[in-house]
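Notes for the structure review
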Amino acid sequence: MSGETVGELGARLRRGETTPGELAAQARSALAALDALHPVLRYTEALTERQAGRAAQMLADSPEQAGPLCGIPFAYKDVLCVEGVETSAGSKILQGFIPPYTGTALARLLDAGAVPVAVTNCDEFAMGSSNENSAFGPVGNPWDPSRVPGGSSGGSAAVVAAGAVPFSLGTDTGGSIRQPASFCGVAGFKPTYGRVSRYGLIAFASSLDQIGPFARRVADAAHVFTAMAGHDPRDSTSSPAPVEPVSEQLGRGVQGMRLGVPREYMAEGLEPGVRTAIAAALAQLEKLGATLVEVSLPSTEAALSTYYIIAPAECSANLARMDGVRFGLHVDRKSLTDTYLETRGQGFGPEVKRRIMLGTYALSSGYYDAYYRQAQKVRTLIAEEFDRAFETVDALVCPTSPIVAFPKGDKSDPLSMYLCDVLTLPVNLAGLPGISIPCGLSEGLPVGLQVIGPRLQDARVLRVAQAYEQATAWHTETPPLPPAVTGTPS
Amino acid sequence: MAHGDAALAAGGDGDAVMTVTSAVSTLDQVMQRWEPVIGLEVHGQLLTQSKMFCGCSADYIGSPPNSNTCPVCLGLPGVLPVMNRVAVEYTVRSALALNCEIPEHSKFDRKNYFYPDLPKGYQISQWDMPLSLNGHLTFTVDGEEVRCGITRVHLEEDTGTLQHAGDILQQARSSVVDLNRAGVPLMEIVGEPDLRTPAQAREYLVRLRQILVYIGVNDGNLEQGSFRCDANISLRKHGDTGLGVKVEVKNMNSFRAVHRALEYEIVRQGRLLDQGQTIAQETRGWVEAKGATISQRSKEYAHDYRYFPEPDLPPLHLSAAFVDRVRAGLPELPQQLAERLQREHGLSAYDAATITAEREDARAFEALVAAGVPAKAAANWLMGEVARLARETRIPLPGSGLGLDGLASLVKLVETGTINGSTAKELLEELYLAGGDPAAVVRERGLGQVSDQAELERLVDAVIAENPAAVADFRGGKEQALQRLVGGVMKATRGRADARVVTGLLRERLAP
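Definitions and limits used
- Residues numbered from 1 in each chain as written.
- Chains lettered and ligands numbered in written order.
- Predicted model: local features only at pLDDT ≥ 70, side-chain atom pairs only at ≥ 80, totals over all residues.
- Helix = DSSP H or I, 4+ residues; strand = E, 2+ residues; numbered from the N terminus.
- Rg over C-alpha atoms; globule rule 2.2 N^0.38 Å.
- Buried ≥ 20, exposed ≤ 12 C-beta atoms within 10 Å, placed from the backbone.
- Contact = placed C-beta atoms within 7 Å.
- Axes fitted to C-alpha atoms, helices over the stretch in contact; angles between N-to-C directions.
- Parallel < 35°, antiparallel > 145°, perpendicular 65-115°, else oblique.
- Pairing = 2+ DSSP bridges.
- Expected span 1.5 Å × (residues − 1).
- Arc of directions from axis to C-beta.
- Nonpolar A, V, L, I, M, F, W, Y, C, P; charged D, E, K, R; others polar.
- Left-handed = near helix turned anticlockwise from the far one by under 90°.
- Core = buried A, V, L, I, M, F, W, Y, C linked by C-beta atoms within 7 Å.

On to the overall build of chain A, then. From N to C terminus, chain A includes 16 helices and 11 strands. For chain A, the C-alpha radius of gyration of 21 Å lies close to 23 Å, the compact-globule estimate for 490 residues.

See below:
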């Protein structure tokens, strides 16, 4: 099934040529063949079997009513809770934590008949842009195993790029879906903040986190989004607005649309190969009938520092529950304080500790006004600038990342790593929907085109992305997997 | 989890437990030189069905440890809070009863600190935009009216509970955590430092508790901790307007404990100040068995709670319509009710205060009056025999066999002279639990009062004839002897004679 899309697999299931159990087994062996890249942390085993059975029953009962995801195998990032399956957020501190509940997004996918096969590697607590911060080791990029797949959802991007599963789930707090999608040459969609419930997502930064899909086709990403989206009473920040049917937008093209190109996103710092690929993509969109308009988002340069105050501040509180008292790692010491210090000292990796300290500092008495309060004001400004831009354009188009996948170990100082997300994190600060789709290769490595829409206009973002996808062939490019990792997927 | 050394707290108890040898005089002396400044923080659990942010029951007492929990109140990774709207309404109701302003916009914040009874490592509370502000409570102590400002009433979540192998965490070898209470809606009422004596502090608490119980938001149980009080207290020279170094006192689980702990602190601080020493800013715990406060946590370990807006909960918008609706639903408050009972029914201030102490009593009083019982009689019965029986049987009047209607009927039998007081008391005692129609019982058993004048005269004459010694004593000036004769008549009528009429007849007959 290597490389097949959701649509193709669904058609084979309905023709009776295969079964959910068979597809799951094939996905499992395809994933196992990727071991050298290390994108998978564990297989869902019993859940896979149970869910494959459920999907088979749904297809047998009523093939017409079974949705497009019924019987389709997938993998999900190690920050999403499913009852009975270990979830460790890529961290030693949560090793052995088995959630007694299933999060909403996953529950909706299970209800749609999708079959989870594996839990994917990621940066610890979703903090990172290269997947090198995983406590369980880095992930290799299928296009070049010596390079990173991006992060934090590196494993989820890699397994889709390698063709082992047709879709996977990631989470995006500052670019953690879109940037690895860009690095791995697949579609990665971050919905509007509040569009997909966060219940069951181990929080990094609550006001920025959002769950979204990786897929090799925009239409597949749209199916997954549709299954997950919508208000959830368990998440007070989930939007009560009805979900606009994506199907009404897909396939309508970009003819007559006004697409904004943010001047600040095309500034220096873009690798030449990225600049070239993006220029070609913009020209392609124009050829498809869109009008390109240069827009300005002047606060962009403040976005990075704003993000690195708000996200760490929230994470410093979100990660406080990892205290060794009720679950996960517990390092027993004579005193309570020492138990806390040792458990957290041994359990968290350096990047997580760095961000907890940054956030703790930013919230401290005497610094709150200078940092956190100020950052919130800038965040409002950034959101307002996007709003103003959307008064004149339907969507924004720009690069996802200024660079292509870089070699492992290349970015050893935190700031250069943080700069990887400079074009994606403003979207999280403003709570907007954004997608990255493949738009070219630079020295044999994928380049991603980012499409950003107004709040709750998720369908429009998917529509623009799909219009581009259908006019080009970049999404059909597959990584030239070296023999070590190809194996024999059927 | 084990911890043997000082954990979050400072190194133990700084000063030995002080013995207050002559507390009263010492307290008086200290209070002549120093003026106490007292502010109280009260935490009240709200009587909602479910917890503040999840569907678990808010009634956790008696559940096996950690059974009344779910992923949300256990603080597991990935869960989110969902606000309990009733808890918001109850807090607003309380705030309105305490004369607070309700701002249109409010929000929740995270208060960050590590402790095993706090599963998330932060408490969802309110910092700079509480649900209410600027209220006050007025009451009377020793005839003097006291007005205590209420800084704010806000909403937060309760913590779990810890049990230590030892008195306090710092000295415990091990501790166990129970999260049944974690997440129960908790309202914090912050009082201004407007109180000047332990008696004022106590009365403030009594009145506050009464109001919260009246409006149905709290059960007022200090022992079980559903109503808890911390006190901030400092001393200053009389006439000074600045504030001294304050000490926070915790662990007081009765009104009496609050009173005693404050007296103890006044004496302790006064003595230190008299000796020219400075007061350490610290938290002290009241130890009932020792009758003393001991140091728990010093200022050097003061927390920086790093409050910031709770990103998992949208800000609250309280419309004027919502606030108006809550205000309209407020019952008559105890003070208003007491004033009305004095005005409408001529009760004394004392009777009115006693009758309105518990809302049930006030309701019973009004029901009795409405049923035609004179106000004074209704008050006397409720405050006397009924209160005693309710206490002894632990069953309040409305839930008793007799019920309100039965009591009304019984009291009316007395008021119309059908039965006398002692018969009524016996009947009350008998019917309180068993139930029954007093009028029917009186008829069946012939308990009606003997009021036939001729019959009574005959009985009086017989008793005089049978008790020459008592007659002689009375005539010799022994007034009590008359009671023996009255008793004789009562015995002959099995208590059904009207004692006043009998006494009158006896005096008439025995008049010189």
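All right, on to the overall build of chain B then. Tallying secondary structure elements over chain B gives 16 helices and 15 strands in all. The C-alpha radius of gyration of chain B comes to 30 Å, more than 25% above the 24 Å expected for a compact globule of 512 residues. Taken over the C-alpha atoms alone, chain B extends approximately 90 × 55 × 45 Å along its principal axes. The 512 residues of chain B split such that 40% are buried. Excluding contacts between residues fewer than 6 apart, the proportion of contacts in chain B whose partners are at least 24 apart in sequence is 70%.

Now for the packing of helix α9 (residues 300–318) of chain A against helix α11 (residues 350–363) of chain A. All names here are of chain A. The N-to-C vectors of α9 and α11 enclose an angle of 100°; their axes lie 7 Å apart at closest approach. As summarised for this structure, α9 and α11 are arranged roughly perpendicular, according to the angle between their axes. Side by side, α9 and α11 meet where Tyr308, Ile309, Pro312, Ala313, Glu314, Cys315 and Ser316 of the first sit next to Arg355, Ile356, Leu358, Gly359, Thr360, Ala362 and Leu363 of the second.

The subject of this paragraph is unusual backbone geometry. Residues and elements named next belong to chain A. In this structure, the amide linkage connecting glycine 151 to the following residue, serine 152, adopts the cis form with an omega of 10°. Here serine 152 shows up in the loop between β3 (115–120) and α5 (154–161). Its identity as a non-glycine residue notwithstanding, phenylalanine 125 has a phi of 50°, on the positive side. For phenylalanine 125, a count of 33 C-beta atoms within 10 Å puts it in the buried group.

Here the focus is the sheet that holds strand β1 (residues 40–43) of chain A. Sheet strands line up and pair through hydrogen bonds in the backbone, either parallel or antiparallel. Residue and element names in this part refer to chain A. On the basis of which strands lie adjacent, the open sheet formed by 11 strands has the order β1-β3-β2-β4-β6-β5-β10-β11-β9-β7-β8 and mixed pairing. In the strand order of this sheet, the two ends are held by β1 and β8 (291–295), each with one partner. Neighbour-to-neighbour, the strand axes of this sheet turn through a mean angle of 30°, independent of strand direction.

Right, let's get into helix α13 (residues 453–466) of chain B. All names here are of chain B. Helix length check: α13 (14 residues) gives 20 Å between terminal C-alpha atoms against 20 Å at 1.5 Å per residue, within 8%. Within α13, the full set of buried residues consists of Leu459, Val460 and Val463. End-on, the buried residues of α13 take up no more than an arc of 100°, which puts them together on one face. For α13, the exposed residues lying more than 90 degrees away from the buried face are Ala454, Arg458, Asp461 and Ala465. Against α15 (481–492) and α16 (499–510) lie the buried residues of α13.

Taken residue by residue, the interface counts 33 residues in chain B and 40 residues in chain A. Tallied by class, residues from the side of chain B that touches chain A come to 21 nonpolar, 6 polar and 6 charged.

With that settled, the discussion passes to the packing of helix α10 (residues 403–415) of chain B against helix α11 (residues 421–434) of chain B. Residue and element names in this part refer to chain B. The geometry of α10 relative to α11 is characterised by a closest axis approach of 9 Å and an angle of 165° between their N-to-C directions. The pairing of α10 with α11 is recorded here as roughly antiparallel in orientation. When you trace α10 past α11, the crossing you get is right-handed. Here Gly406, Leu410, Leu413 and Val414 of α10 lie close against α11, whose contacting residues are Gly421, Ala424, Leu427, Leu428 and Leu431. By residue class, the composition of the contact of α10 with α11 is 7 nonpolar, 2 polar and no charged.

Let's shift gears to the nonpolar core. If you look at the biggest cluster of nonpolar residues, it comprises 235 residues, and the most contacted ones within it are Val159, Ala187 and Ala465 of chain A together with Ala231 of chain B. When residues no more than four places from it in sequence are discounted, the contact partners of alanine 231 of chain B are Ile38, Leu40, Ala201, Val249, Val258, Ala261 and Leu262 of chain B. By size, the runner-up hydrophobic cluster in this structure holds 33 residues, among which are Leu341, Ala390, Leu427 and Tyr432 of chain B.

On to the sheet that holds strand β3 (residues 109–112) of chain B. All names here are of chain B. Pairing is antiparallel across the open sheet formed by 3 strands, whose spatial order is β4-β3-β14. At either end of the open sheet lies a strand with only one pairing partner, and these are β4 (122–125) and β14 (308–309). Bridge analysis of β3 against β14 gives 2 bridges, and the strand direction is antiparallel. Bridging across to β14, arginine 110 finds its partner in phenylalanine 308.

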